[in-house]
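Residue-level structure breakdown
Each chain is listed here by its residues.
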Amino acid sequence: MADRNTEERLRRELDQILLRLERQECTALNDARSEGARLVGDMFADAQVVASRNLDALTYERLSRRARELSNALERVRDGSYGSCEECGGAIPAARRRALPGVTTCVQCQARGESLRVRLEPTEGISRRPRARHKNGRRDEAKT
């Protein structure tokens with residue numbers, strides 16, 4: 001279902017992401033070696049270093065996930081299933097595949113899957129009774 005241009009486009013994007021991941025790994029390794037020098041004992045400066053490290057880890061995770069998606073898409077191109085919805089077997093529009101090269105479902109199946117996930121997720125809200133109030137409007141802290 002996909003042509004040679006699709007495979008080349010996916011391969012180029014995957015190569016770019018793999019190069020970015022490699023650069024980020026080198027940077028992370030160098031940062032880890034100099035970590036002691038970067039921490040200065042100032043709570044705010046050290047918090048910035050830690051926040052930067054966490055942001056780098058999130059970026060690496062996002063790029064890794066994208067690389068896996070592109071690798072899977074390339075595999076689907078090679079076996080001829082690229083462009084077919086994994087759920088219903090229908091065609092995934094070319095515009096959707098260009099926008100989201102790793103996409104595996106059509107819009108309808110994606111929407112159906114998302115609505116199912118929303119319905120199955122547990123609610124996280126904790127219901128609490130409001131505290132009793134005195135006649136003057138203040139809360140009664142002792143009667144909870």
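Residues numbered from 1 in each chain as written. Predicted model: local features only at pLDDT ≥ 70, side-chain atom pairs only at ≥ 80, totals over all residues. Heavy atoms only, no water.

A word on the overall build of the chain. A tally of regular secondary structure across the chain gives five helices and zero strands. Starting at the N terminus, the α and β elements of the chain follow one another as α-α-α-α-α. Across the 144 residues in the chain, those meeting the buried criterion constitute 22%. Counted over contacts in the chain with a minimum sequence separation of 6, partners at least 24 positions apart contribute 52%. In the form shown here, the chain has an accessible surface area of approximately 11000 Å², with 52% of it arising from carbon and sulfur atoms. (Helix = DSSP H or I, 4+ residues; strand = E, 2+ residues; numbered from the N terminus. Buried < 20%, exposed > 50% of the residue type's maximum accessible area, 1.4 Å probe, protein only. Contact = heavy atoms within 4.5 Å. Areas by Shrake-Rupley, 256 points an atom, 1.4 Å probe, with all protein chains shown as cover.)

All chains considered together, the criterion is met by eight salt bridges. E8 is paired through a salt bridge with R4; the nearest N and O atoms lie 3.8 Å apart. Remark: R4 and E8 occur in helix α1 (residues 4–33); sequence separation between them is four residues, near one turn of the helix. By relative accessible area, which is 36% here, E8 ends up partly exposed. Measuring nitrogen to oxygen at the nearest pair gives 3.6 Å for the salt bridge that ties R66 to E69. Here E69 and R66 lie together in helix α3 (residues 43–79), a separation of three residues that amounts to about one turn. (Salt bridge = Lys/Arg side-chain N within 4 Å of Asp/Glu carboxyl O.)

A few words on the nonpolar core. Core analysis: the biggest nonpolar cluster contains 11 residues, these being L10, L14, I17, L21, L63, A67, L70, A73, L74, V77 and Y82. When contributions to this core are tallied by element, the ones reaching two or more residues are α1 and α3. The greatest single-element share of this core, amounting to six residues, is contributed by α3. Contact partners of L21, with chain neighbours within four places excluded, come to Y60, L63, S64 and A67. Counting residues in each nonpolar core, the second largest holds five residues, with C85, I92, V103 and C106 among its members. (Core = buried A, V, L, I, M, F, W, Y, C linked by side-chain atoms within 4.5 Å.)

The terminal C-alpha atoms of α3 lie 54 Å apart, and with 37 residues this matches the ideal 54 Å at 1.5 Å per residue to within 8%. By the burial criterion, the buried members of α3 are D46, V49, L63, S64, A67, L70, A73, L74, R76 and V77. In the segment just after α3, G80 is the residue with positive phi, at about 90°. (Expected span 1.5 Å × (residues − 1).)

Note on placement: T105 falls in the loop between α4 (94–99) and α5 (107–120). What makes T105 buried here is its relative accessible area of 9%. Within the structure, T105 has its side chain in polar contact with the side chain of Q110 (distance 2.8 Å). (Polar contact = N/O pair within 3.5 Å; in protein donor to acceptor, adjacent residues only side chain to side chain.)

Once that is clear, we can look at the confidence of the model for the chain. Across the chain, pLDDT averages 81, with 76% of residues at or above 70. Of all helices and strands in the chain, the one with the weakest mean pLDDT is helix α2 (residues 35–38) (62), whereas α4 scores best (91). (pLDDT = per-residue confidence, 0-100.)

This brings us to the state of the cysteines. Applying the stated criterion to the full structure yields zero disulfides. Its sulfur unpaired, C106 is 3.6 Å from the next cysteine sulfur, which belongs to C109. (Disulfide = S-S within 2.5 Å.)

Before going further, it helps to examine the environment of D56. Turning to its location among the elements, D56 is positioned in helix α3. Distance from D56 to A28, taken between C-alpha atoms, is 8.1 Å for residues 28 residues apart in sequence. Excluding its chain neighbours within four sequence positions, the residues that come into contact with D56 are Q24 and D31.

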